[in-house]
Amino acid sequence: MGMSVTISAATGQDAEQIFRLQYLCFQSEAALYGNYRIDPLVQTLDSVRQEVAADCVFVARLGEEVVGSVRGTVTEDGAASIARLCVHPRLQGHGIGARLLRAVEAALAEERGATMFRLHTGHRSKGNLRLYRRVGYETVGTSEGADGVPMIVLEKPAGTYATTA
């Protein structure tokens, strides 16, 4: 009998697993850009701990193991910034990313008053772009990450939560 992946709010005890998972998951993104100094790879454990304490952070668990995570914050204008969505490479393609998006979107809208969701992804990140578009995000512009990576900015109105991809 196999275990099911569950989605729940992260706790301070999850910070180290989130930190390690993020480092693993964003290796493929770094390879796409030939840049191993991208933000998710240089973030410190203390910074992850601070985000877990202050932001809206969800994890996907397989038993006790954190196999996915996502973070979100609401800005003064009511837009929710969603970031650092990652799923362990061995479990990608099973809808976990869409479930994490749904959880963080619901919490940001219902508990923190978000009126719109916004996220950024690298311009070469075709799998990420497919997922985001499949769950209702539309491209609204471009930007450049602090690490120099060209980013695509995507948005969707709150209330149109992600459905299973």
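Heads up: the structure comes first, above all this text.
Along each chain, numbering runs from 1 in the same order as the chain's sequence is written. Totals for whole chains, interfaces and linings use every residue, but because this is a predicted model, local features are given only for residues with pLDDT of at least 70 and side-chain atom pairs only at 80 or more, for both listing and counting. With hydrogens and water excluded, all non-hydrogen atoms of the structure serve as input to the side-chain values.

Enquirer: Would you take a moment to explain helix α6 (residues 126-134) for this structure?
Expert: Given 3.6 residues per helical turn, the α-helix brings residues three or four places apart onto the same face. Of all the positions in α6, only Leu129, Leu131 and Tyr132 are classed as buried. Mapping the buried residues of α6 onto a view down its axis gives an arc of 165°, with all of them on the same face. In α6, the exposed positions that point more than 90 degrees away from the buried face belong to Lys126, Arg130 and Arg134. Here a residue-residue contact requires only that any non-hydrogen atoms of the pair lie within 4.5 Å. Starting at the N terminus, helices and strands are each numbered in turn, a helix being any DSSP run of H or I of at least four residues and a strand any DSSP run of E of at least two. Close packing links the buried residues of α6 with β4 (79-87), α5 (96-110), β5 (116-122) and β7 (150-157). For every residue, the accessible area obtained with a 1.4 Å probe (protein chains only) is divided by the maximum for its type, and the residue is called buried under 20%, exposed over 50%, and partly exposed between those limits. Think of the arc as the fan of directions from the helix axis to the C-beta atoms.

Enquirer: How should I be thinking about the sheet that holds strand β3 (residues 65-74) in this particular structure?
Expert: Remark on secondary structure: sheet strands pair via backbone hydrogen bonds, oriented parallel or antiparallel. Read across the open sheet, the 7 strands follow the order β1-β2-β3-β4-β5-β7-β6; overall the sheet is mixed. A single partner strand is all that each edge strand has here, and the edge strands are β1 (5-9) and β6 (138-144). When strand polarity is set aside, the average angle formed by the axes of neighbouring strands in this sheet is 25°. Think of it this way: DSSP has to see at least two bridges between two strands before they count as a pair. Inspection of the sheet shows β4 paired to β5 by 4 bridges, in the parallel sense. The residue of β5 that forms the bridge with Ala79 is Met116. All axes are obtained by fitting lines to C-alpha atoms, using only the stretch in contact for helices, and the reported angles, taken between N-to-C directions, cover 0 to 180 degrees. Along the sheet face, α5 touches β1, β2 (56-62), β3, β4, β5 and β7 and points at about 155° away from the line of β4.

Enquirer: Before we go on, may I ask you to explain the packing of aromatic side chains in this structure?
Expert: Two descriptors summarise a pair of aromatic rings, namely the distance from one centre to the other and the angle between the planes of the rings. Pairs were defined over the aromatic rings of Phe, Tyr and Trp, the Trp ring being its six-membered one, requiring ring centres within 6.5 Å. Orientation was assigned from the angle between planes: stacked under 30 degrees, edge-to-face over 60, tilted for the rest. Under the definition given, this model contains 1 aromatic pair. With a centroid separation of 6.1 Å and an interplanar angle of 65°, the aromatic rings of Tyr132 and Tyr137 are classed as edge-to-face. The class of Tyr132 is buried, set by a relative accessible area of 7%.

Enquirer: Hey, could you run me through the packing of helix α1 (residues 15-25) against helix α4 (residues 45-54) in this one?
Expert: The axes of two packed helices give the description: the angle between them and the distance between them. Taken N-terminus to C-terminus, the directions of α1 and α4 make an angle of 120°; their axes are 9 Å apart at the nearest point. Taken together, the axes of α1 and α4 lie oblique to each other. When the axes of α1 and α4 are compared, the crossing they make is right-handed. Only Leu45, Val48, Arg49 and Val52 of α4 make contact with α1, whose side of the interface consists of Ala15, Glu16, Ile18 and Phe19. Looking at the contact of α1 with α4 residue by residue, the class counts come to 6 nonpolar, no polar and 2 charged. Angles below 35 degrees are treated as roughly parallel, those above 145 as roughly antiparallel, those between 65 and 115 as roughly perpendicular, and all remaining angles as oblique. Working rule for handedness: look at the near helix, and if it is turned counterclockwise from the far one by less than a right angle, call the crossing left-handed; if clockwise, right-handed. Polar here means any residue other than Ala, Val, Leu, Ile, Met, Phe, Trp, Tyr, Cys and Pro, which are nonpolar, and Asp, Glu, Lys and Arg, which are charged; Gly is therefore polar.

Enquirer: It is not clear to me how the environment of Ser28 should be interpreted in this structure. Could you clarify?
Expert: Considering the arrangement of structural elements, one finds Ser28 in helix α2 (residues 27-33). When the C-alpha atoms of Ser28 and Ser125 are compared, they prove to be 9.5 Å apart, with 97 residues separating the residues in sequence.

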